[in-house]
Amino acid sequence: MPSLLLDEARARFDLLTVTAYDVTLDLREERTFDSRTVIDLVSRGGSTFLDLKATALRSIRLDGTELPVAAWADGRCP
């Protein structure tokens with residue numbers, strides 16, 4: 001899984017304004033845990049991706065619309 005590169009981080013900073021994160025963790029398991037993350041943001045338009053370093057992805061939504069989980073590759077969701 002590639003890490004976020006400095007140039008990518010700068011481009012995303014210019015593209016997005018994150019207004020809030022809401023993270024819920026279920027820490028009852030010993031080796032891994034479930035989580036639900038909601039990111040509120042404003043985009044100035046353009047292409048970017050979400051970094052997601054997970055062992056599995058059940059669903060992802062953008063503005064309430066379900067996106068294909070299969071698009072998640074190498075730790076990135078476009």
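Refer to the structure above for everything that follows.
What you see is a predicted model; the values in this text were computed from it and never measured. (Residues numbered from 1 in each chain as written. Predicted model: local features only at pLDDT ≥ 70, side-chain atom pairs only at ≥ 80, totals over all residues. Heavy atoms only, no water.)

(A) Representation of the overall build of the chain. For the chain, the count of helices and strands is 1 helix and 6 strands. Each helix and strand of the chain, placed in order from N terminus to C terminus, yields the pattern α-β-β-β-β-β-β. Within the chain, the fraction of its 78 residues that count as buried is 13%. Across the chain, the fraction of contacts at a sequence separation of at least 24, relative to all contacts at a separation of at least 6, is 49%. (Helix = DSSP H or I, 4+ residues; strand = E, 2+ residues; numbered from the N terminus. Buried < 20%, exposed > 50% of the residue type's maximum accessible area, 1.4 Å probe, protein only. Contact = heavy atoms within 4.5 Å.)

(B) Representation of the environment of Ser43. Along the polypeptide, Ser43 turns up in strand 2 (residues 34-43). Those residues in contact with Ser43 that lie beyond four places of it in its chain are Leu15 and Leu16. For Ser43, the side chain forms a polar contact with the main-chain nitrogen of Gly45, separated by 3.0 Å. (Polar contact = N/O pair within 3.5 Å; in protein donor to acceptor, adjacent residues only side chain to side chain.)

(C) View of the side chain of Arg12. For Arg12, the position within the fold is in helix 1 (residues 6-15). The exposure class assigned to Arg12 is buried, which follows from its relative accessible area of 17%. In this structure the side chain of Arg12 is engaged in a polar contact, spanning 2.6 Å, whose partner is the side chain of Asp51. Non-local contacts of Arg12, meaning those with residues more than four positions away in its chain, are made with Leu4, Thr48, Phe49, Leu50 and Asp51.

(D) Region of the structure containing a nonpolar patch on the surface. Taken together, Val18, Tyr21, Val23, Leu25, Leu27, Phe33 and Leu41 make up a surface patch of nonpolar side chains, about 700 Å² in accessible area. For Val23, the location among the structural elements is in strand 1 (residues 16-26). What makes Val23 partly exposed here is its relative accessible area of 48%. (Patch = residues over 30% accessible without salt bridge, like charges linked within 9 Å, V, L, I, M, F, W, Y side chains within 5 Å. Areas by Shrake-Rupley, 256 points an atom, 1.4 Å probe, with all protein chains shown as cover. Salt bridge = Lys/Arg side-chain N within 4 Å of Asp/Glu carboxyl O.)

(E) Region of the structure containing unusual backbone geometry. At Asp63, a position not held by glycine, the phi torsion is positive, near 50°. Turning to its location among the elements, Asp63 is positioned in the loop between strand 4 (61-62) and strand 5 (65-66). For Asp74, which is not glycine, the phi torsion reads 55° and is therefore positive. With respect to the helices, strands and loops of the structure, Asp74 is situated in the loop between strand 5 and strand 6 (76-77). Under the relative-accessibility criterion, Asp74 is labelled exposed at 54%.

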